[in-house]
Amino acid sequence: MKHGKKYNDSRKAVDSAKQYASEEALSLVCTNAKAKFDETIEAHIRLGVDSRHADQQVRGAVVLPNGTGKKVRVCVFCKENKYAQAAGADYVGGQDLVDKITKENWMDFDVVIASPDMMGLVGRLGKVLGPRGLMPNPKAGTVTPDVAKAVTEAKAGKIEYRLDKTNIIHCPIGKASF
């Protein structure tokens, strides 16, 4: 198989037999970023766990110091609209948003946050939000009474990580320009 010049140059810079320290590997990735756009750097971590056991599930969320480099559209289900809108939420509502999502198949958002008292309404959207990975979850911090804090974290670059079927965690950690 033939490869391009940029690929071959990057391939020569990396010694496949050597194990790099994290700082050295990150600097090597940033120096070899040669695309015409700002490349995303991802971490893929293989853990020695079995996801079939409940006590070995790995899942959580973390706020990155420089964000992910993406603009995030946040949809909030809560009764007190003023706090969520002041925090920077793009869409805020209750039953009106549920109707819009179910009837018009509207999905113009990246993160869904809900207050606990609204989970009865949001639960009806499980078949729509669940397969897309947008269903609010208390473990991920998207079901919370402090909606304003959750919105500011989501806008700042909060990422969720969890094991996939092969027990590997995949998550973006930043851009090459960071």
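As a reminder, the structure under discussion sits directly above these lines.
Definitions and limits used
- Residues numbered from 1 in each chain as written.
- Predicted model: local features only at pLDDT ≥ 70, side-chain atom pairs only at ≥ 80, totals over all residues.
- Heavy atoms only, no water.
- Buried < 20%, exposed > 50% of the residue type's maximum accessible area, 1.4 Å probe, protein only.
- Helix = DSSP H or I, 4+ residues; strand = E, 2+ residues; numbered from the N terminus.
- Arc of directions from axis to C-beta.
- Contact = heavy atoms within 4.5 Å.
- Pairing = 2+ DSSP bridges.
- Axes fitted to C-alpha atoms, helices over the stretch in contact; angles between N-to-C directions.

Trainee: When you look at helix H7 (residues 147–156) in this model, what are you seeing that I'm missing?
Mentor: Since there are 3.6 residues in each turn of an α-helix, residues three or four apart along the chain are aligned in direction. Where H7 is concerned, the buried positions are Val147, Ala150, Val151 and Ala154. Taken down its axis, H7 places every buried residue within 100° of arc, on the same side. Where H7 is buried, its residues meet strand S3 (74–77), helix H3 (81–87), strand S5 (111–114) and strand S6 (158–162). Of the residues flanking the end of H7, it is glycine 157, one or two places downstream, whose phi is positive at about 115°.

Trainee: What should I look at first to understand the sheet that holds S3 in this one?
Mentor: Within a sheet, neighbouring strands are paired by backbone hydrogen bonds and run either parallel or antiparallel to one another. Spatially, S4-S3-S5 is the arrangement adopted by the 3 strands of the open sheet, whose pairing is parallel. In the strand order of this sheet, the two ends are held by strand S4 (91–93) and S5, each with one partner. Averaged over all pairs of adjacent strands, the angle between strand axes in this sheet comes to 15°, irrespective of strand direction. Here S3 pairs with S4 via 3 bridges, running parallel. Residue phenylalanine 77 lies in a different strand from S4, and its bridge partner there is glycine 93. Helix H4 (residues 95–104) rests against S3 and S4 of the sheet, and its axis sits at about 125° to S3.

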